[in-house]
Amino acid sequence: MDFLPLFHQVRNQTALIVGGGPVAARKAQLLLEAKARVHIVAPDLAPATQALVDKAMVSWTASVYEPALLLKADIVVAATDDRAVNHQVAADSRKARLPVNVVNDPDIGTFIFPAVIDRSPIVAAVSSSGAAPVLTRLMRGRIESIIPAGYGLLAELVGRYRKKVQQTLDSSTARRRFWERVLNGVVADRAMTGQGDEAARLLEETLDHFQQGDHSHGEVYLVGAGPGDPDLLTFKALRLMQQSDVVLYDRLVSEQVLALVRRDAELVYVGKRRSDHAVPQEGINELLIRYAREGKRVCRLKGGDPFIFGRGGEEIEQLADAGIQFQVVPGITAASGCAAYSGIPLTHRDYSQSVRFVTAHLKNNTSDLNWSELVAPGQTLVFYMGLVALPEITRQLCAHGCSADMPIALVEQGTTPQHRVFTATLDTISDLVAQHDIKAPTLIIVGEVVKLHLRLNWFKPAVEG
Ligand code: SAH
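Quantities reported herein were computed from a predicted structural model and do not represent experimental measurements.

Q: Could you give an account of the pattern of salt bridges, naming the residues involved and the relevant values?
A: Under the criterion given, the structure shown has 22 salt bridges. Its salt-bridge partner being Lys236, residue Asp189 comes within 3.2 Å of it at the nearest N-O pair. Remark: Lys236 occurs in helix α9 (residues 235-241) and Asp189 occurs in helix α7 (residues 186-192); sequence separation between them is 47 residues. In this structure Asp189 comes out as buried when scored by relative accessible area, which is 2%. The exposure class assigned to Lys236 is partly exposed, which follows from its relative accessible area of 25%. By sharing partners, the salt bridges in this structure join Asp245, Arg262, Asp264 and Arg297 into a single network.

Q: An account of the sheet that holds strand β10 (residues 266-269) is requested, with residue identities and associated values reported.
A: Ordered in space as β10-β9-β11-β8-β12, the five strands form an open sheet in which the pairing is parallel. Of all strands in the sheet, those bounded by a partner on one side alone are β10 and β12 (325-329). Across the sheet, the axes of successive neighbouring strands diverge by a mean angle of 20°, strand direction being ignored. Where strand β9 (residues 246-249) lies against strand β11 (residues 297-302), four bridges are found, and the strand directions are parallel. Note that in β11 the partner of Val247 across the bridge is Cys299.

Q: Explain the sheet that holds strand β4 (residues 75-78) to me, and be specific about the residues and the numbers.
A: Reading across the sheet, the five strands line up as β3-β2-β1-β4-β5 and stay open at both edges, with parallel pairing between neighbours. In this open sheet, the two strands that pair with only one neighbour each are β3 (59-61) and β5 (100-102). The sheet shows a mean angle of 20° between the axes of neighbouring strands, direction not considered. Across four bridges, the pairing between strand β1 (residues 14-18) and β4 is parallel. Looking at β4, one finds that Val18 is bridged to Ala78. Contacting β1, β2 (37-41), β4 and β5, helix α1 (residues 22-33) crosses the sheet at an angle of about 175° to β1. The sheet contacts of helix α3 (residues 83-95) involve β1, β4 and β5, and relative to β5 the element is tilted by about 165°.

Q: Let's hear about the site of the ligand: which residues, and what values?
A: Taken together, 18 residues form the shell around the ligand, and within it Asp305, Ile308, Thr333, Met385 and Thr442 come nearest. Gly303 places a main-chain nitrogen or oxygen 3.1 Å from a nitrogen atom of the ligand. Here Ile308 contributes a backbone N or O atom positioned 2.7 Å from a nitrogen atom of the ligand. Among the elements of the structure, α13 (334-342) and β17 (442-446) are those that each provide at least two residues to the shell around the ligand. In terms of residue class, the shell around the ligand is built from eleven nonpolar, six polar and one charged.

Q: Tell me about the confidence of the model for the protein, residues and numbers included.
A: Taken as a whole, the protein shows an average pLDDT of 92; of its residues, 96% reach a score of 70 or greater. Counted against residues more than four places away or in other chains, residues 273-277, with its pLDDT under 50, gives three contacts.

Q: How would you summarise the domain arrangement of the protein if you had to cite specific residues and measurements?
A: On domain assignment, one finds that the protein holds domain 1 (14-113), domain 2 (148-214), domain 3 (218-332) and domain 4 (338-464). The gap between the C-alpha centroids of domain 1 and domain 2 is 42 Å.

Reading the values: the criteria
- Residues numbered from 1 in each chain as written.
- Predicted model: local features only at pLDDT ≥ 70, side-chain atom pairs only at ≥ 80, totals over all residues.
- Heavy atoms only, no water.
- Salt bridge = Lys/Arg side-chain N within 4 Å of Asp/Glu carboxyl O.
- Helix = DSSP H or I, 4+ residues; strand = E, 2+ residues; numbered from the N terminus.
- Buried < 20%, exposed > 50% of the residue type's maximum accessible area, 1.4 Å probe, protein only.
- Pairing = 2+ DSSP bridges.
- Axes fitted to C-alpha atoms, helices over the stretch in contact; angles between N-to-C directions.
- Contact = heavy atoms within 4.5 Å.
- Near = heavy atom within 4 Å.
- Polar contact = N/O pair within 3.5 Å; in protein donor to acceptor, adjacent residues only side chain to side chain.
- Nonpolar A, V, L, I, M, F, W, Y, C, P; charged D, E, K, R; others polar.
- pLDDT = per-residue confidence, 0-100.
- Domains from an automatic or database assignment.

Take a look at the structure:
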């Protein structure tokens, strides 16, 4: 390790920045965020630095550097574009035993600025010891994405309640379990979505339960797993998947997505309820309730979006009745995923002003659909669960006034490595599909927008009819 990471208290200290360019402005911003008093010395200023002076956020001496300026400084940054000046500033500062940073010359100074992820009071800092700043910024981006923006609020909440929890729960084991529950569960989630008051209320409720020795309050996360590509998961979905004790998933959840579930979580396949011995007689709803009552964090992972043809609503209705806490995480629905990966915009100013998501899997038969409404001009239709009903769909659309030339696409296993697109017209699609061995799941898109695939396809070209 070439540099020891330390967090430096600079509140109300004077930071002297030598140089008035954009780099000086960036360093000034960081120092200001840590509540330092910033003084800039430079003969003239770049617009970014000038703006700070204009807003009276920093003070400015319009002159070249002189060693006497160090007398009032507690910390120094040499940020001119003149190497000799920077070296002079560093040498003088070292002599005066002042911490000094030299921009672009990390070894000459005594400290360097890391890339900062600010979730105050939580702060993470990343450095490559000056070797690869671009890589450091990339890493910061990655860390930014895994630490939710509301982490600071959570840390603040924990700080506020630490004493009370200590006084309320005698045993250190109970306290540890309590904080684990709070930091992994709905309390943390509310704090991280900026709902500080609700988080505090839930924390107090959990504390009451723990005080009464009742630790058996699990919760359920109804999570949309997207159409297949694991990169299409939301941060929130991933976070909850990684803190669940049990995961109930079905056929549509891709293997790559499942691989991201917490390693020691119990995985329960509930895809084919009839034949799967892993699931006893009781339905999925009862299972969810049972696990939650055992105090577990239960993730109900569903393909696409749980509220689009996913029966997600039905599952949480029972949870609501049973008084079990739950949260719902939206996912990218198959229509969005398949359309995006096929270069078929679902709406387009020239072709389509509305889009309808339709289920082709009906309790009786597909002619239950209001076909005349579906064939409205300027409308894209997306049929879920439509492979079996494809001939019926094309027949009904034509019978209700749709042109037999209307473009149609069938997307097979959209967004996965097996993604295939078949494009044809209402007239010809059934023949085309019959010539190929098509595997579920498939999605059907009908409308003028399908034509755009030819120009906009970027993932895989279509099999054309
Ligand atoms: N809740 C899911 C839909 C469940 S219904 C969602 O929002 O996507 C199941 C139907 O979704 C399938 O029959 C198929 O029509 C569609 N589907 C789901 N994933 C798909 C994929 N990767 N490619 C194509 N169609 C998909």
